[in-house]
Structure formats: structure tokens, C-alpha cells
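Each chain is listed here by its residues.
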Amino acid sequence: MRWDDPKLISSSSKFLRLKQGENKVRLVSEVGVMGKHWDNRKMVGVCIGKDEGCPHCAEGNDPKPVWLCWAIDRIDSKIKQLEMGYTIIQQLQKLAQSKEYGFTESPPYDITIIKTGEGLDTEYTVIASRQDTELTPEEIEKVQDLTPIKDIIEKRKKITEENEPF
């Protein structure tokens, strides 16, 4: 394997972690939103809902919204869970609403998410592919077998409620 091969450090994880620079992905599911609680920049739990007795909310720790969807990581072609913050979601929504790149469910093209900076100085830029591309039959089959995002969010809430790690 060559040193410049992106697969050298690719992860087999079920979570897609955006790396510095360009991250080419294909969003393949609906998007769901959940709240996450943080303490000193460390995630301490998924919000189960203030009205449902969330202990973090009761302590005055307000949740930050995180959007979740399934995405194909074009480095290793694996389907992974992608968590996105407001900056990325806002740019995707602008694409969805545009005349040229518009979509309702998931975009019919790959996107590149460019990550620059670190920590609180991290910035993200979303760029749409210049042309639509069909998913391969293998990708379509894998997408059909995915757990719905709303079920994953509910599972994460339950795990947090039971105070168990993911």
C-alpha cells in the first residue's frame, strides 16, 4: 500500500469520522436529530428529553442538537453513521432547496465535506458533486438493510437512560 493511499488510515468503524481535508460521502438515508449533552467538551449522554426526566437537563446542562444519517464513506465504500452539526446541516439544506442541486430525501449525488481547523475553531464546507450518480446494485441492497435512523436515535436514548456506554 502506498503512503498516499487514503485507505491506509481508513477505519472499519460503523461511525464515519470526518478527517482534516476532503471527505467524500454519499448520504443514503433520512436525517434524524437528537440532543447530546456535553461537559468540558466531552459527550456525557444523549438527551432522553426534559419531559421524560433527562438527568442532564435537570442539572441545567442543555443539549446541543446533532443530526444523524447513514452515509457511504467513499474511502472504503462502507456504510457508516454520520453525525453532523448545524454548520453542515445548514449547507445541506441550502443544497436541498436550490433549483440546481435540490433533493427531498437524500441527494442523488456524492458530496464532499471539507474539514479545516481543530477544536472550537473547526470549520466545515459542503460541496456537491457536479453530476448525479446512481448507487450500485450492491449499495442499494446494503441501504435497504439499514436500521432506520429514528430507531438508532431511540436506542441511543435508551442506552443513555440505562447509563450504559454505546
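Look up a bit, the structure's there.
Residues numbered from 1 in each chain as written. Predicted model: local features only at pLDDT ≥ 70, side-chain atom pairs only at ≥ 80, totals over all residues. Heavy atoms only, no water.

### Examining the overall build of the protein chain
Per the secondary structure count, the protein chain includes four helices and seven strands. The linear arrangement of helices and strands in the protein chain, starting from the amino end, is β-β-β-α-β-β-α-β-β-α-α. Relative to the compact-globule value of 15 Å for 166 residues, the protein chain shows a C-alpha radius of gyration of 17 Å, a close match. If one aligns the C-alpha atoms of the protein chain with their principal axes, the spans along those axes are about 50 × 35 × 30 Å. Residues classed as buried in the protein chain amount to 36% of the 166 residues present. Excluding contacts between residues fewer than 6 apart, the proportion of contacts in the protein chain whose partners are at least 24 apart in sequence is 63%. Within the structure as shown, the protein chain displays about 11,200 Å² of accessible surface, and the carbon and sulfur contribution to it stands at 48%. (Helix = DSSP H or I, 4+ residues; strand = E, 2+ residues; numbered from the N terminus. Rg over C-alpha atoms; globule rule 2.2 N^0.38 Å. Buried < 20%, exposed > 50% of the residue type's maximum accessible area, 1.4 Å probe, protein only. Contact = heavy atoms within 4.5 Å. Areas by Shrake-Rupley, 256 points an atom, 1.4 Å probe, with all protein chains shown as cover.)

### As for the layout of surface pockets
When its volume is computed, the largest pocket comes out at roughly 1,000 Å³. Trp38, Val66, Glu83, Gly85 and Tyr124 are the residues nearest the centre of the largest pocket, which is lined by 28 residues in total. Counting residues per element, the lining of the largest pocket draws most heavily on strand β4 (residues 64–73), which supplies four residues. If you add up the space inside the second largest pocket, you get close to 340 Å³. Around the second largest pocket sit 17 residues that line it, and Val31, Leu92, Phe103, Thr104 and Glu105 are the ones nearest its centre. When contributions to the lining of the second largest pocket are tallied by element, the ones reaching two or more residues are β4 and α2 (86–97). Of the residues forming the lining of the second largest pocket, the biggest block, four residues, is contributed by α2. A class-by-class count of the residues in the lining of the second largest pocket yields eleven nonpolar, four polar and two charged. (1 Å grid on protein atoms, 1.4 Å probe; cavity = no way out; pocket = protein on both sides within 12 Å on 5 of 7 lines; lining within 4 Å. Points joined across faces, edges and corners; volume = space filled by probe spheres on them. Nonpolar A, V, L, I, M, F, W, Y, C, P; charged D, E, K, R; others polar.)

### With respect to the state of the cysteines
The full count for this structure, using the stated rule, is zero disulfides. Left unpaired, cysteine 57 is separated from the closest cysteine sulfur, that of cysteine 47, by 3.6 Å. (Disulfide = S-S within 2.5 Å.)

### Let's talk about the packing of aromatic side chains
Ring pairs (aromatic) are described by centroid distance and by the angle formed between their planes. Per the counting criterion, the structure on display carries three aromatic pairs. Measuring from ring centre to ring centre gives 6.4 Å for tryptophan 67 and tyrosine 86, while their planes differ by 50 degrees; the resulting arrangement is tilted. Of this pair, tryptophan 67 sits in strand β4 while tyrosine 86 sits in helix α2, and the two are 19 residues apart along the sequence. Measuring from centroid to centroid gives 5.8 Å for tyrosine 101 and tyrosine 109, while their planes differ by 75 degrees, and the two rings are edge-to-face. (Phe/Tyr/Trp six-rings, centres within 6.5 Å; stacked < 30°, edge-to-face > 60°.)

### Points about the pattern of salt bridges
Under the criterion given, the structure shown has eight salt bridges. With its nearest N and O atoms 3.5 Å apart, the salt bridge here joins aspartate 110 to arginine 26. Residue aspartate 110 is found in the loop between α2 and β6 (111–116), and its partner arginine 26 is found in strand β1 (residues 21–27); the two are separated by 84 residues along the sequence. By relative accessible area, arginine 26 is classed as buried at 4%. Taking the shortest distance from any N to any O, the salt bridge between aspartate 76 and lysine 80 comes out at 2.9 Å. Under the relative-accessibility criterion, aspartate 76 is labelled buried at 16%. Three or more residues are tied together by salt bridges with common partners; here these are Arg26, Arg74, Asp110 and Glu139. (Salt bridge = Lys/Arg side-chain N within 4 Å of Asp/Glu carboxyl O.)

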